[in-house]
Structure formats: C-alpha cells, structure tokens
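# Chain and residue survey
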Amino acid sequence: MSENSNQFLDALKQMQGVEVGDIVDVEVLDVEDGQIDVGVVNAGVEGVITHREFTSDRNADLRELVKPGDTFKALVLRRAGGDKENGEFFFSVTRLKEREAFDKLQKDFENGTPIEGTVTSSVRGGLLVDVGTRGFLPASLISNRYVSDLKPYIGKTMKLKITEIDPNKNRLILSHKDLVEEEREEAFDNVASQLVVGDVVEGKVSRLTNFGAFIDVGGVDGLVHISEISYKHVDKPSDVLKAGQDVKVKVIGIDNDRHRISLSIKQTEPSPFEQATSGLTEGDIFEGEVKSLTNFGAFVEVADGIQGLVHVSEISSKHVDKPSDVLKVGQEVKVKVLNIDPSDRRISLSIKAADPNASSSESPRPRRQRNDNSVNKKYMSNDDNGFALGDIIGDQLKDRK
C-alpha cells in the first residue's frame, strides 16, 4: 500500500465520530479577517467558522471576540468541498445558539410561559426581536390599540408570548398584545369585583376619542360616552376634557363578559331638573305661567325651562271639555304640586286643588278618568324639559282645525 494511501486511512480514522449535525468542542487555531480557523478537540479534524456563523453583528471584529487557544462548542454544518475552503468542515456558533434557543422556546410555547426579548429593528409589518434567536412581532400584535409608529419600540425590552414556532422553518411569531389582554382581564376582574353600579369614584382621563372619554379607574379604563359627559350638549370630548385630568365618575354599567365599565360624569352632579325642583315638595302652591295647551291638559312653567302638567281633570272642579276653553297661553295661574317624579323628571300639577274656594259639592258630569301618571309618561319626553314638543305642537294644531 502506498504512503499516500496510508495517510488517507489515518486521516479517515481521525475523522470518525464527527458527523454533520453534531455538537463538538472546538479550539481556535487562527483568526483571520472573515473567518476563524478551528480544530475539533481530540479529533484531529479542522475546519472554519465564517463571520456570519460566529456572530450576527456584521460590524464586529473577530480578533476582538476570540483568540487562538479559546475553546467553545460549535455545530457541525457540512463538509468542506475542497482545499480552497481551507478545512475539512464548516462549523457554526450562531446556529447552535439558535438551536438551543428554539429548544427552550419550544418548551415555553408548550407551557404558555412568557418570555422577554429586545427589539432590534423594524421591518415592514412589524418588529424583529432578539429572544436568543430572531423572532417576528407583527404590528397588529404589539398592543391592544393601533400602533402607527414602530420606531419608538427599537431597543426596548418587551415581555412577549409565543404564538407560533417552527424550528425547521426558523419561524417564530411573537405577541405582546396577548399579554396586555391577559393583564387587562386580570386587572378588570380585580377592579370590577370592588365596584357596583351606582358607585361614585375618582378617575383620570387616559385618552379621548370622538365618541367619548376613557377614564382610568384603579388601573382599568372605563368609557364615558359623549352623552354622559355633561347635561349640556358636547360636540367633542376634547372641548371639555383633557388627558390627565382628574374627574369624578359614576359607575352606570359593568359588562363582565366583554370586560367593559360604563361611566358617567354628568350623573355625579345634580341634573337641571333636580336643581330646578330642589325647593319644591308635594303640596306646595305657587303661581306659574301657562306655556302651552293640549287636548289633555296645560303645561305650566315651574322653573326656568322646567314645566309641569296640569291634566284636564285637574283644571277645574267643573267639567272642562278642552283646556283652551278656560285657559290661555301666557296666563298666570295658581297650581299645587301633586307629584314629583325625579326618575322620569316629571311634575304633576293641579289648579283646582290650589283653589281653597272650589266647591266640593258640585257634581260634574261623569266622565271616564285617565290615570295622571300614565298620561304623563305618554306625553313627556326623557329630557329635562319634561314633555315632547311634537306632542304639544301636534295637539295645538288639532285645536286650530
């Protein structure tokens, strides 16, 4: 057998036990500009590690990272194709780290364990994150709110959840939104358990939208709809509120299924109706102006902008066919308060009960009586003025026919 044949067999024996895909201990033999020459410890096998297979930092100087004599573990990538490649195998440190990272990440994914990663850059559609290997965080999964600018996230360390992992395709999809939602639900359950509808609490305006204001109450945002900001008309929430402003709010709804809290600012203050009627009690007698007449009664002004109803049966102890037969708009009349309904914001009045000279011995023509309260509810609106203007005008038009 020739000398060359013997040398080949010796080299082959030395290479036995080193296979592609193995993890081996290597020792640095030399460091060049673009690669590191290494030898497998106790195997007599040499090879190279290129710059990209040692570090992901393109600007790093390999001579500052390693020196001859250093030892570390590396992944056997493939056999060298010829003498020009200056070695027998190609090795990788970065891929070994990725493999180890994926092994850990796979366990975290299976257990639902949150991980931490540092955002390295932004790309179209999301962020690249270093979690031991490179992961992708889609823009839609950064927050539970829309994120338009990705740059402020670069360099930040974020708590993340793995939503998809495939080591074979080097695919790792991450989410921060899922954790935000979980934390929000936990915070909601904690806050909601301490609140009941009707509670009045202190809060802070966290953000404003066209349809209302979100108020932070104990770490959870509740919504004050634009209609619940003030008793006066509000065009835009930003006209009367600003972010960071301290406000007092009333809890008007808790939706445990959708994790929502409905709040009101205006309901923490007396309504115009309550303010106007604060000095009134049932049985009070006062003078008021007849503001309008309908077939079913007369509306008398109780306070500025607030009217009460004198039902046709309460105008006189004598039978009255139409209120316009005995009353006219602008007339001052003495009325007695029969009932004040704060919940429906309605006031029932009586002219005949306010007249001490009214004869109780007179026997008016029998007629079918209607329940005053049912009439009130039919013809009065839900706003603080009490009654629906359309009903009032409609009956006046009927009287003119």
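This is a predicted model, so every value here is computed, not measured.

## Some points on the sheet that holds strand S18 (residues 306–311)
In a beta sheet, neighbouring strands pair by backbone hydrogen bonds and run either parallel or antiparallel. With mixed pairing, the 5 strands of this closed barrel are ordered in space as S16-S17-S18-S20-S19. Ignoring strand direction, the axes of neighbouring strands in this sheet form an average angle of 50°. Relative to S18, strand S17 (residues 297–303) runs antiparallel, the two being bridged by 6 bridges. By the bridge assignment, Glu 301 is partnered in S18 with Gln 307.

## What about the pattern of salt bridges?
Where charged atoms of side chains with opposite charge meet at close range, the side chains can pair. Across all of its chains, the model carries 12 salt bridges by this definition. Between Arg 171 and Glu 164 there is a salt bridge, and its shortest N-O distance comes to 2.6 Å. With relative accessibility at 34%, the residue Glu 164 sits in the partly exposed group. The closest approach of N and O atoms between Asp 344 and Arg 346, which form a salt bridge, is 4.0 Å. Classification of Asp 344 by relative accessible area gives partly exposed; the value is 23%.

## Thoughts on the side chain of Glu 53
Its place among the elements puts Glu 53 in the loop between strand S3 (45–50) and helix H2 (62–65). Exposure remark for Glu 53: the relative accessible area of 7% places this residue in the buried category.

## Some points on a negative patch on the surface
A contiguous patch of negative charge, built from Glu 183, Glu 185, Glu 186 and Asp 189, is present on the exposed surface. With respect to the element layout, Glu 183 can be found in helix H4 (residues 177–192).

## A look at the confidence of the model for the chain
Looking at the chain as a whole, the pLDDT averages 82, with 83% of positions reaching at least 70. Throughout residues 359–401 the model reports pLDDT below 50, and contacts reaching past four residues in sequence, or to other chains, amount to 71 contacts.

## What to know about the packing of aromatic side chains
Considering all chains together, one arrives at 4 aromatic pairs under this definition. When the centroid spacing of 6.0 Å and the interplanar angle of 90° are considered together, the rings of Phe 296 and Phe 299 count as edge-to-face. When its relative accessible area of 0% is taken as the criterion, Phe 299 is described as buried. Above the plane of the ring of Tyr 153 lies Lys 156, whose end atom (NZ or CZ) is 5.8 Å from the centre. Across from the ring centre of Phe 214, 4.0 Å away, lies the NZ or CZ of Arg 207, which sits over that ring.

## As for H4
Side chains three or four residues apart in an α-helix point the same way, a direct result of the helix having 3.6 residues per turn. An ideal rise of 1.5 Å per residue puts 22 Å on 16 residues; H4 measures up with 22 Å between its terminal C-alpha atoms. All of the buried residues in H4 are Leu 179, Val 180, Phe 188, Val 191 and Ala 192. Considering only its buried residues, H4 is in contact with strand S9 (157–166), strand S12 (212–217), strand S13 (220–225), strand S14 (246–255) and strand S15 (260–264).

## So, the nonpolar core
Ranked by internal contacts, the top residues of the largest apolar core, which has 21 residues, are Val 335 and Leu 349. Elements with a contribution of two residues or more to this core: strand S16 (285–294), S17, S18, strand S19 (332–341) and strand S20 (346–350). Per element, the largest residue contribution to this core is 4 residues, and it comes from S19. For Val 335, the contacting residues outside a window of four places in its chain are Asp 284, Ile 285, Phe 286, Val 300, Val 310, Leu 349, Ser 350, Ile 351 and Ala 354.

## As for helix H3 (residues 94–111)
In this model H3 runs 26 Å from its N-terminal to its C-terminal C-alpha over 18 residues, within 8% of the 26 Å that 1.5 Å per residue would give. What H3 keeps buried is the set Thr 94, Leu 96, Ala 101, Phe 102, Leu 105 and Asp 108. As for H3, its buried residues are in contact with strand S1 (23–31), strand S4 (71–79), strand S5 (89–92), strand S6 (115–123), S9 and strand S10 (171–175). Gly 112 lies just past H3 and shows a positive phi near 70°.

## Brief notes about the sheet that holds S15
If you trace the 5 strands once around the closed barrel, you get S11-S12-S13-S15-S14, paired in mixed fashion. Strand-to-strand twist of the sheet, defined as the mean angle between neighbouring strand axes without regard to direction, takes the value 55°. Looking at chain direction, strand S11 (residues 200–209) and S12 are connected through 5 bridges and run antiparallel. Along S12, the bridge assignment pairs Arg 207 with Phe 214.

Conventions adopted
- Residues numbered from 1 in each chain as written.
- Predicted model: local features only at pLDDT ≥ 70, side-chain atom pairs only at ≥ 80, totals over all residues.
- Heavy atoms only, no water.
- Pairing = 2+ DSSP bridges.
- Helix = DSSP H or I, 4+ residues; strand = E, 2+ residues; numbered from the N terminus.
- Axes fitted to C-alpha atoms, helices over the stretch in contact; angles between N-to-C directions.
- Salt bridge = Lys/Arg side-chain N within 4 Å of Asp/Glu carboxyl O.
- Buried < 20%, exposed > 50% of the residue type's maximum accessible area, 1.4 Å probe, protein only.
- Patch = residues over 30% accessible without salt bridge, like charges linked within 9 Å, V, L, I, M, F, W, Y side chains within 5 Å.
- Areas by Shrake-Rupley, 256 points an atom, 1.4 Å probe, with all protein chains shown as cover.
- Lys, Arg positive; Asp, Glu negative; His and termini not counted.
- Charge placed at Lys NZ, Arg CZ, Asp CG, Glu CD.
- pLDDT = per-residue confidence, 0-100.
- Contact = heavy atoms within 4.5 Å.
- Phe/Tyr/Trp six-rings, centres within 6.5 Å; stacked < 30°, edge-to-face > 60°.
- Lys NZ or Arg CZ within 6 Å of the ring centre and 35° of its normal.
- Expected span 1.5 Å × (residues − 1).
- Core = buried A, V, L, I, M, F, W, Y, C linked by side-chain atoms within 4.5 Å.

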